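Residues per chain are reported as follows:
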Amino acid sequence: MENQKFSPIRTSFAMAAVWFATHSGGGFATGNQEVNYFVKYGWYSVFLPLVAMLLLGWGHRNALVLAKDYKTYDYKSFCDALFHPYEKYFSIVFELGFIMLIVCGVSTSIAGSGALLKSSLAIPYGVGIVTVGTILLLLTIFGSELIVKVLNLKTYFIIVTLLILCVLGIQMGAFNFQHVLANHETFGTSFGDAVWYMLIYIGFQAFTVLPIISVSHNIKTTKDCNRFMLFGTLLNGAFLAIICIMLLGFSPEVLNQTLPVYFVTTKLDLPWLKILYSVILFVALLGTAISLIFSTVARFEPVLIKRNIFKSLSTRRIFISLVTIALCTGISVFGLTNIVVKGYGSVGYIGLFFVLLPEIIVGTIKIRKNAKLRREQKLDRAV
């Protein structure tokens, strides 16, 4: 009885952990996203991360309820259920946003790795991104299951390392942070700009719903979904806010850094921590890229099979991986900040208007309609 009592809570927390793992990838760990969507707007970044995760949590909660009601555990069927009866029009935009997010994610991983190699080992950026692209191709082609499992542990190492960094960084930057907060410094920006870029951030983060619904089979009730929203909002919102607070302590100098968190490690004057963070960040960036490349293979391999292109399984997968890595390596030439601001920004518009808002508005309407229908059916059975 005790296991049954707490099983739903554990399930909800496990789903929140999936959201957190998807959110806190290699791109997040560089600090570039936090700086360009929150920290550069000054003291607003103290509370807007919590608002952002609350709105995102609402959308994800509705998505889980819909997935439970309609038994839709893949993004195609979920998209059809959300947008029915207009799914054939909106599913194309949803698909476009998903593909763009994968391209931006892989490009961010390559660009971030290249910038890290340049900062830590003085390897020229161009040489770095080509090297990383080659490593990714070799890992995706010849990587054993052991390598993939090790790379999948990246989230745990990132969390521990970032928490250590945040504690030390907040202590060191406390005086400057208090100055920013006391004077309500905004670095010349407006509240409207801060809110808009917060919405763009949760727009591209809205696509994190895809891996969440894919493992949501154990969600049985709406209460489970509500608990997921509570746990996920607190976990993601608190972590995002803490990193923003740490980076604020090193503003405005940190605002011009490609790798803001790495910049903080150089200020702490702890060589072991800088080395630890650099290694873990590099592995995390590779892991993020590989998982996204595998997602690309899974998406486009059926297309090649349908068109009878490359009969060999390994040839198909190598071809898709090679094209993806070559394209993303080319995009990474523009630099990490440009990809984060312009690339993710473009995806953010699609995610905001075609994923998050429909989940909140259309999703709420359909959830209430389904709940009403279930109540009526229950009454009919009682009669």
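We now turn to the structure provided with this report. (Residues numbered from 1 in each chain as written. Predicted model: local features only at pLDDT ≥ 70, side-chain atom pairs only at ≥ 80, totals over all residues. Heavy atoms only, no water.)

1. Thoughts on the nonpolar core
Phe 38, Leu 162, Tyr 201 and Leu 247 are the most contacted members of the largest nonpolar core, which has 106 residues in total. Setting aside anything within four residues of it in sequence, one finds Phe 38 in contact with Gln 33, Ser 45, Leu 48, Pro 49, Ala 52, Met 198, Tyr 201, Leu 240 and Cys 244. (Core = buried A, V, L, I, M, F, W, Y, C linked by side-chain atoms within 4.5 Å. Buried < 20%, exposed > 50% of the residue type's maximum accessible area, 1.4 Å probe, protein only. Contact = heavy atoms within 4.5 Å.)

2. A closer look at the packing of aromatic side chains
Under the definition given, this model contains 19 aromatic pairs. Consider the rings of Phe 28 and Phe 239, whose centres lie 6.1 Å apart with planes at 20°: the pair is stacked. Of this pair, Phe 28 sits in helix α2 (residues 26-29) while Phe 239 sits in helix α13 (residues 222-248), and the two are 211 residues apart along the sequence. Under the relative-accessibility criterion, Phe 28 is labelled buried at 2%. Residue class for Phe 239 comes out buried when judged on its relative accessible area of 8%. Ring geometry for Phe 83 against Phe 90: centres 4.9 Å apart, planes inclined by 10°, an arrangement best described as stacked. A relative accessible area of 30% places Phe 90 in the partly exposed class. One aromatic cluster in this structure is built from Tyr 37, Phe 38, Tyr 41, Tyr 197, Tyr 201, Phe 204 and Tyr 344. (Phe/Tyr/Trp six-rings, centres within 6.5 Å; stacked < 30°, edge-to-face > 60°. Helix = DSSP H or I, 4+ residues; strand = E, 2+ residues; numbered from the N terminus.)

3. Quick look at the packing of helix α6 (residues 87-121) against helix α15 (residues 271-306)
Relative orientation of the contacting elements α6 and α15 amounts to 150°, with a least axis distance of 9 Å. Considered as vectors, α6 and α15 are oriented roughly antiparallel to each other. Here α6 and α15 pass one another in a crossing that is left-handed. Of α15, the residues touching α6 (which contributes Glu 95, Ile 99, Ile 102, Gly 105, Val 106, Thr 108, Ser 109, Gly 112, Ser 113, Leu 116 and Leu 117) are Ser 278, Leu 281, Phe 282, Leu 285, Thr 288, Ala 289, Leu 292, Ile 293, Ser 295, Thr 296, Arg 299 and Phe 300. (Axes fitted to C-alpha atoms, helices over the stretch in contact; angles between N-to-C directions. Parallel < 35°, antiparallel > 145°, perpendicular 65-115°, else oblique. Left-handed = near helix turned anticlockwise from the far one by under 90°.)

4. Quick notes on the side chain of Asn 32
Assignment of secondary structure puts Asn 32 in helix α3 (residues 32-37). In terms of polar contacts, Asn 32 uses its side chain to reach the side chain of Asn 36, at 2.7 Å. Setting aside anything within four residues of it in sequence, one finds Asn 32 in contact with Gly 27, Gln 257, Thr 258, Pro 260, Leu 336, Thr 337 and Val 340. (Polar contact = N/O pair within 3.5 Å; in protein donor to acceptor, adjacent residues only side chain to side chain.)

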